[in-house]
Amino acid sequence: MQENFEFCSVDSVYLAQKYSTPLYVMSQDIIEEKIDYIKVNFLDKYPRTYAYYASKAFLTKAMAKIIKKSEMGIDVVSYGELYTALDAGINPDKIMFHGNNKSKDELEFALERGIGRIVVDGISELKLLIELAGERFTAKILLRISPNVEAHTHKYISTGQLDSKFGLSFASKDLDEAIELAIKSEHIDFKGFHFHVGSQLFDNEAHVESTKKAMELIKEIKDKYDYEIEDLNVGGGFGVRYTAEDEPMPLEYFTDAIMEEVIALIDKYEIIRPNIFIEPGRYIVAEAGITLYTVGSVKNIESVRKYICIDGGMADNPRPALYQAKYSACIANKMYDEDTELVTVAGKCCESGDILIWDINLPKVERGDILAVMGTGAYNYSMSSNYNKLAKPAVVMIHDKEDRLIVQRESYEDLLKNDLG
Ligand SMILES: Cc1ncc(COP(=O)(O)O)c(C=O)c1O
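Residues numbered from 1 in each chain as written. Predicted model: local features only at pLDDT ≥ 70, side-chain atom pairs only at ≥ 80, totals over all residues. Heavy atoms only, no water.

Within an unreviewed UniProt entry, the label attached to the chain reads Diaminopimelate decarboxylase, and the organism entered is Acetoanaerobium sticklandii. For the chain, the Catalytic activity (unreviewed entry) comment in UniProt is given as "meso-2,6-diaminopimelate + H(+) = L-lysine + CO2". (UniProt positions renumbered as here; feature names shortened; annotations may be inferred.)

Here is the structure:
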């Protein structure tokens, strides 16, 4: 019997030995299954619907190439993400450029490369974009609105409330001004609206509520300016399972409810149905990734807590320290041993808050064991840092039971390569 934990039919202990730890392991098979699910249950179900992968969740050239091969477009939020997507050969027309504070350089680059949609986040950005577009370019834009709805999630990943740094507040003077300016500016092709209400959502209320508000706005614009809005982007945020406590809903629970609302309202308002875009990030990659660590120190404080310390932590996964994200894990080399102790998984960074998992039941843990943390495919690699001068881990992609190194482990020379002394 296979005794080690297998990820997509590959022995995780073998991977840890081959590539060393900490190690991010991603599954192309799972990523492609998710993309396929979106296609069957959303894109093929409704005409004129589009899915853009929110690349902030996990972006490497290999990942961008998977997206390129699919029907999906890609959402980027910085020069770096844009550069990576273009370098992987993604058609500029299939790129959506977000960000609450895009620089002049970023906007100029986007204009020059003919990026498909620039999602304008505020009135000052719109004015800057108009100036930069000048006579040379016509920028296809969406205006990001903050629809003033509360999403049921951690406040650090809630984005659509009134007091938000993202977007133009619903029913604000800035929004009215931006709409008028976008309609009247010759070198702006005003396509429509975008909202993203938050992340890791298990109910569809915020999406549905925001859709209603956006549709109402589309009707008001038709009445006031006789202008037809073509696009509505309803963002991402579809929740996934990190631990047994999570009960994520299938994608269509969100998309069907959104489409139902859109279809009902176009009849009521007598407007043309906009193209509908979604932007899932976490949904596509979270469950497609695990991280492997080696256990080092084991420290027992009697009647208080037992810490097992691993060779990574908040530098490769800041989410628990940032917003109390929860993860599940197993001891990969003791897959079939009984759970006998309650332990806390501590990272190796010099912060008391660097705890990856508080209170998890595991088999007896010893130095040298391999800990596999599940569901680390989203916002781990992409949020990693060099805190404490830790080198960033390698990334391995599994496809059809074969492993392939897609990002090399950083070397200590890499850590100093920009340091001029
Ligand atoms: C504008 C926008 N779209 C999409 C996403 C993706 O969210 P998720 O990964 O939860 O699907 C985000 C996440 O921050 C976002 O800010």
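Student: An account of the packing of aromatic side chains is requested, with residue identities and associated values reported.
Tutor: The tally for this structure, following the rule as stated, stands at 11 aromatic pairs. Centroid distance phenylalanine 42 to tyrosine 46: 6.2 Å. Interplanar angle 55°. Geometry classified as tilted. Here the two residues phenylalanine 42 and tyrosine 46 agree in accessibility, since each one is buried. Between tyrosine 242 and tyrosine 327 the ring centres are 5.3 Å apart and the planes differ by 75°, which places this aromatic pair in the edge-to-face class. In this pair, tyrosine 242 is assigned in the loop between strand 11 (231-233) and helix 9 (251-269) and tyrosine 327 in the loop between helix 11 (319-323) and strand 15 (329-331), connecting sequence segments 85 residues apart. Assigned by exposure class, tyrosine 242 and tyrosine 327 land together as buried. Clustering of aromatic rings is evident, with ring pairs tying together Tyr24, Phe58 and Tyr381. The ring of tyrosine 283 carries the charged tip of lysine 34 above its face, separated from the ring centre by 4.9 Å. Seen from the ring of phenylalanine 97, lysine 102 lies directly overhead, with NZ or CZ sitting 5.9 Å from the centre. (Phe/Tyr/Trp six-rings, centres within 6.5 Å; stacked < 30°, edge-to-face > 60°. Buried < 20%, exposed > 50% of the residue type's maximum accessible area, 1.4 Å probe, protein only. Helix = DSSP H or I, 4+ residues; strand = E, 2+ residues; numbered from the N terminus. Lys NZ or Arg CZ within 6 Å of the ring centre and 35° of its normal.)

Student: Quick one: what's the story with the site of the ligand, residue by residue and with numbers?
Tutor: Neighbouring the ligand are 15 residues; Ser199, Gly237, Glu279, Arg282 and Tyr379 lie closest to it. At 2.9 Å from an oxygen atom of the ligand is found a main-chain nitrogen or oxygen belonging to glycine 237. Between the ligand and glycine 281 there is a distance of 2.9 Å, counted from an oxygen atom to a backbone nitrogen or oxygen. When the ligand is considered free in solution it has 390 Å² of accessible area, and contact with the protein chains removes 91% of it. Tallied by class, residues from the shell around the ligand come to three nonpolar, seven polar and five charged. (Near = heavy atom within 4 Å. Polar contact = N/O pair within 3.5 Å; in protein donor to acceptor, adjacent residues only side chain to side chain. Areas by Shrake-Rupley, 256 points an atom, 1.4 Å probe, with all protein chains shown as cover. Nonpolar A, V, L, I, M, F, W, Y, C, P; charged D, E, K, R; others polar.)

Student: A description of the UniProt feature "binding site: substrate" (unreviewed entry) in the chain should follow, citing residues and the corresponding values.
Tutor: Here the UniProt feature "binding site: substrate" (unreviewed entry) sits at Arg282, Arg319, Tyr323, Glu351 and Tyr379. Spanning 98 residues, the named residues are also spread out in space, since their farthest C-alpha pair is 26.6 Å apart. Within the secondary structure layout, arginine 319 lies in helix 11. When its relative accessible area of 2% is taken as the criterion, arginine 319 is described as buried. One can find tyrosine 323 in helix 11. A residue is classified by how much of its surface remains accessible, and tyrosine 323, at 8% relative accessible area, is buried.

Student: Help me get a handle on the pairing of strand 14 (residues 305-310), residues and values and all.
Tutor: Every second residue of strand 14 is oriented toward a common face, the buried set being Lys306, Ile308 and Ile310 and the non-buried set Arg305, Tyr307 and Cys309. One ladder, built from five bridges, connects strand 13 (residues 289-301) with strand 14; its direction is antiparallel. Looking at the pairing, lysine 299 lines up with tyrosine 307 of strand 14. Pairing between strand 14 and strand 16 (residues 341-346): three bridges, direction parallel. Within strand 16, the position partnered with cysteine 309 by the bridge is alanine 346. (Pairing = 2+ DSSP bridges.)

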